[in-house]
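Topology and contacts: notes
This is what each chain is made of:
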There are 2 protein chains.
Amino acid sequence: MASTPVPAPTAPQAPQSAPRPALTERGRQKADRREAILTAAARLFAERGYAGVTIEDLGTAVGVSGPAVYRHFTGKSAVLAAILEGASRSLLDGGERVLAEAPDAATALRSLIRFHVAFALGEADVIAVQDRELEQLDPGVRHEVRSLQRQYVERWVDTLAELRPDRAEVELRFRAHAAFGLLNSTPHSARTPGRRPADGAVRGILEEMAWASLMS
Amino acid sequence: MASTPVPAPTAPQAPQSAPRPALTERGRQKADRREAILTAAARLFAERGYAGVTIEDLGTAVGVSGPAVYRHFTGKSAVLAAILEGASRSLLDGGERVLAEAPDAATALRSLIRFHVAFALGEADVIAVQDRELEQLDPGVRHEVRSLQRQYVERWVDTLAELRPDRAEVELRFRAHAAFGLLNSTPHSARTPGRRPADGAVRGILEEMAWASLMS
DNA sequence: ATTTTCGGTTAGTGTTCACTAACTCGATTC
DNA sequence: GAATCGAGTTAGTGAACACTAACCGAAAAT
């Protein structure tokens, strides 16, 4: 299983509302800081939970203090929203990119699994947050994120349906969710370091387990 | 796969410190209320997260209000501690009971899976909390819970090692964790109701997926 | 060179919330 | 039957924290 190349997980990008890309010095520094806040926030939210992190923590983590964060986000929940929207958009985009290149359903499923494993290993913090803190979102954003997640799941379900037309869609959807649970377990094991196979091996094992569980 | 009977998940029980079981009226009512608080707390913590639930919420959920909870627990974190200690103890006890009766490793693994599926489906709230809120515990209790969880995992690893002596222990441990991720995904799907196979089917599918992923 | 913009600062402000104090009243004990 | 106990109540109290106000100074625009 060293065939189809998998696109690297895209960095979460500002959803819309880039009022001025601004090639100016300040504009670039601002974008960098925003990105730094998002990365630090993902790590902190993953470690201590959304409610366990203060705005002050967020600022301190990137070397500014407290209310400076409000120059980049309208509030604490907007930081969470940006993380989760970015994650679900990256997953959906990546999934679609992967499917567009797959010649048949079996390859498609293999590629989806490879892509998702790469994402879960590369963005463990984001995955952990996405799993845990969906409920903390404002209703509007929550609906948006749920919609993106649903679309991503449907790509898996469609692919599985080609491979196992004998099975009901509702079963395939349930199996896809269970497989996500399996693949997204890496942040958990990552929090218990040391007791884990080498990084290269982890990829292969997860891919094997996911395939076996889905097709069993 | 309708053979070995699986013991029902034990209700989480008071860890130690039962200063007086007290067959008196008041004693029984107090125990009932304590139990009611734990059940309600598990549901609320699962829904809104530990930090998203107030002591007032806990009281209201069982028909008393606010500070009455302190008659049963020394504080909010003690409620979480009781839930997580109960859960990890139930899992370990159940796992050991199941292993004691298994004639061979293959049956043992099948029984472990059946037991864990039953627990995850029956105590979805507790499972969700155990997955998400471990970090919120006071260090002492956290260490205790981690130790119990570790012992439970080791039962799985030992069983797997008999079936797959060719594989390194560290891989088997990683696989066990991934399988837990798969099995513990049910609270997630449970939060998205309707879109899920009938309860009877869910059991079988999860058991099949877990077995396939572990033995692949 | 002057004005404007804006990402940063420190110092509040109002609210939420865990926990405590003081008391009440029925069940338990003597 | 009187004394005690203890699970409940309501009314604080203090701390943490999201967010705002007012100001500052350098980069950007004119």
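See the structure above.
The structure reproduced in this document is the subject of the present report. Keep in mind the model is a prediction, meaning the values are calculated, not measured.

Right, let's talk about the protein's contact with DNA strand C for a bit. For DNA strand C, the set of nearby residues contains 20 residues, the closest of which are Arg33, Arg71 and His72 of chain A together with Thr24 and Arg26 of chain B. In the model, a phosphate oxygen of DNA strand C is placed 2.9 Å from a nitrogen or oxygen of the Ile55 of chain B main chain. For the surface near DNA strand C, the secondary structure elements donating two or more residues are helix H1 (25–48) of chain A together with helix H1 (25–48) of chain B. Looking at the surface near DNA strand C element by element, the count peaks at three residues for H1 of chain A. The class makeup of the residues in the surface near DNA strand C is seven nonpolar, five polar and eight charged.

The full count for this structure, using the stated rule, is 10 aromatic pairs over all chains. Taken together, a centroid distance of 5.2 Å and an interplanar angle of 65° make the contact between Phe45 of chain B and Tyr50 of chain B edge-to-face. Assigned by exposure class, Phe45 of chain B and Tyr50 of chain B land together as buried. Site record: aromatic cluster; members linked through ring pairs are Tyr152, Trp156 and Phe180 of chain A. One residue, Lys76 of chain A, lies across the ring of Tyr50 of chain A, its end atom 4.5 Å from the ring centre.

The next subject is the interface of chain A and chain B. In this assembly, 35 residues from chain A lie in contact with 35 residues from chain B. Carbon and sulfur atoms supply 67% of the area buried between chain A and chain B, which totals about 3000 Å² over both sides. Contact with chain B buries surface across chain A, with Phe174, Arg195 and Met209 of chain A losing the most and accounting together for 22% of the total. Counting across the chain A and chain B interface gives two salt bridges. In this structure, Arg175 of chain A and Glu208 of chain B form a salt bridge, with 2.7 Å as the shortest nitrogen-oxygen distance. Along the contact surface separating chain A from chain B lie five residue pairs in polar contact (both at pLDDT 80 or more). If you list the elements that add at least two residues to the side of chain A that touches chain B, you get H1, helix H5 (124–132), helix H7 (169–183), helix H8 (186–191) and helix H9 (199–215) of chain A. Element by element, the count of residues in the side of chain A that touches chain B is highest for H7 of chain A, at 10 residues.

Here we take up the relation of the copies chain A and chain B. Expressed as a screw operation, the relation of chain A to chain B combines 0.0 Å of axial shift with a rotation of 180°, fitting to an RMSD of 0.0 Å. In the structure described here, the two chain copies are related by an operation that fits a two-fold rotation axis. Interface overlap between copies: 100% of the residues of chain A at the interface are likewise at the interface in chain B, consistent with a symmetric, same-surface contact.

Now for the protein's contact with DNA strand D. Inspection of the region around DNA strand D gives 20 residues, with Thr24 and Glu25 of chain A together with Arg33, Arg71 and His72 of chain B positioned closest. Those atoms of DNA strand D that come within 4 Å of the protein belong to sugar or phosphate at a rate of 64%. The contact in question runs from a phosphate oxygen of DNA strand D to an N or O atom on the side chain of Thr24 of chain A, over 2.4 Å. His72 of chain B is positioned such that a nitrogen or oxygen atom in its side chain is 2.5 Å from a phosphate oxygen of DNA strand D. Elements that contribute at least two residues to the surface near DNA strand D include exactly H1 of chain A together with H1 of chain B. Ranked by residue count, the leading element in the surface near DNA strand D is H1 of chain B, at three residues. Looking at the surface near DNA strand D residue by residue, the class counts come to seven nonpolar, five polar and eight charged.

Conventions adopted
Numbers given for residues are sequential positions, taken from 1 along each chain in its written order. Here the convention is simple: chains get letters from A, ligands get numbers from 1, in the order in which they are written. Residue-level local features of this predicted model are given only where pLDDT is at least 70; pairs of side-chain atoms are given and counted only at 80 or more, and the full residue set underlies all totals for whole chains, interfaces and linings. Derived side-chain values reflect all non-hydrogen atoms in the structure, with water molecules and hydrogen atoms excluded from consideration. We call a residue near a molecule or strand when any one of its heavy atoms sits within 4 Å of it. Two N or O atoms count as a polar contact when they lie within 3.5 Å, although within protein this holds only if one can serve as hydrogen donor and the other as acceptor, and sequence-adjacent residues are included solely when both atoms are side-chain atoms. Counting from the N terminus, the helices are the DSSP runs of H or I reaching at least four residues and the strands are the DSSP runs of E reaching at least two. Polarity classes work like this: nonpolar for Ala, Val, Leu, Ile, Met, Phe, Trp, Tyr, Cys and Pro, charged for Asp, Glu, Lys and Arg, and polar for all others, with Gly in that last group. The criterion for an aromatic pair is that two Phe, Tyr or Trp rings (for Trp, the six-membered ring) have centres within 6.5 Å, with stacked assigned to planes under 30 degrees apart, edge-to-face to planes over 60 apart and tilted to the rest. For each residue, the accessible area found with a 1.4 Å probe, counting protein chains only, is set against the maximum for its type, and the residue is called buried under 20%, exposed over 50%, and partly exposed in between. Placement of a charge over a ring requires the Lys NZ or Arg CZ to be within 6 Å of the ring centre, with the centre-to-atom vector within 35 degrees of the ring normal. For this analysis, residues touch if any pair of their heavy atoms sits within 4.5 Å. Note on definitions: buried area is the accessible-area loss of two parts on being combined, 1.4 Å probe, summed for both. By definition here, a salt bridge exists when the distance from a side-chain nitrogen of Lys or Arg to a carboxyl oxygen of Asp or Glu is within 4 Å. Least squares is used to superpose the copies, and the fit set is the C-alpha atoms of residues whose pLDDT is at least 70 in both copies.

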